[in-house]
Amino acid sequence: MGQDFEKLTDNINEIKTMINNFSHTLENIEKRLSRLEQMDRIEHRVEVNQIDLSDIKESLERIEEIQRTENKEEIQHINRRLDSHLVKLAKAEEEIIILRNK
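Right, let's walk through the structure included here.

Rules used throughout
As a convention, each chain's residues are numbered from 1 in the sequence order in which they are written. In keeping with the predicted nature of the model, local features appear solely for residues at pLDDT of at least 70, side-chain atom pairs appear and are counted solely at 80 or more, and the whole-chain, interface and lining totals rest on all residues. Calculated side-chain values reflect all of the structure's heavy atoms, with hydrogen atoms and water omitted. By definition, any uninterrupted DSSP run of H or I lasting at least four residues is a helix, any uninterrupted run of E lasting at least two residues is a strand, and each is numbered from the N terminus. With the radius of gyration taken over C-alpha atoms, the globule rule is written as 2.2 Å times the number of residues to the power 0.38. Here's how the labels work: a residue is buried when its accessible area is under 20% of the maximum for its type, exposed when over 50%, partly exposed in between, all with a 1.4 Å probe on protein chains only. The protein chains shown are the only cover counted for residues, whose accessible areas, like all others here, come from Shrake-Rupley with a 1.4 Å probe. A patch consists of residues exposed above 30% relative accessible area that lack any salt bridge, with like charges linked at up to 9 Å and nonpolar side chains (Val, Leu, Ile, Met, Phe, Trp, Tyr) linked at up to 5 Å. Salt bridge criterion: a side-chain nitrogen from Lys or Arg within 4 Å of a carboxyl oxygen from Asp or Glu. Here Asp and Glu are counted as negative and Lys and Arg as positive; His is not counted, and neither are the chain ends. Here the site of a charge means atom NZ of a Lys, CZ of an Arg, CG of an Asp or CD of a Glu.

## Thoughts on the overall build of the chain
So, point 1. Tallying secondary structure elements over the chain gives one helix and zero strands in all.
So, point 2. Its C-alpha radius of gyration of 43 Å places the chain more than 25% over the 13 Å reference for a compact globule of 102 residues.
So, point 3. Relative to its full complement of 102 residues, the chain shows a buried share of 0%.
So, point 4. Accessible surface for the chain amounts to roughly 10,200 Å². Of this, 57% is attributable to carbon and sulfur atoms.

## A closer look at a negative patch on the surface
So, point 1. Residues Glu 37, Asp 40, Glu 43 and Glu 47 make up a contiguous surface patch of negative charge.
So, point 2. With respect to the helices, strands and loops of the structure, Glu 37 is situated in helix H1 (residues 2–101).

## Remarks on the pattern of salt bridges
So, point 1. A complete count under the given rule lists two salt bridges for this structure.
So, point 2. Across the pair Arg 68 and Glu 64 runs a salt bridge whose closest N-O atoms are separated by 3.9 Å. Taken together, the residues span about one helical turn, with Arg 68 and Glu 64 both in helix H1 at a distance of four residues.
So, point 3. Overall, the relative accessible area of 43% leaves Arg 68 in the partly exposed class.

## With respect to a nonpolar patch on the surface
So, point 1. Together, Phe 22, Leu 26, Ile 29, Leu 33 and Leu 36 line one region of the surface with nonpolar side chains, adding up to about 490 Å² of accessible area.
So, point 2. Inspection of the secondary structure puts Leu 33 in helix H1.

What follows is the structure in structure tokens.
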């Protein structure tokens, strides 16, 4: 009977040890899951930020294209005005030459 009681005590101690080991393993798993959840949140934020950055980049490219187009139009307008002033200057010079020759 004493041996049976000792065996039972040993079995109970083994079960306690196994439960403690299981509990420790479970804690480790919970910590890992927590870190994975944090990584998932971080990855999600990174994805959202990448989408935002892509949108910003596309907007900037559109703005730059619009500015290039507007600048080209402005330059063309300035060139037309300069051409018209050059024509006026040429006519004025021609008139001056004609008046000098008279």
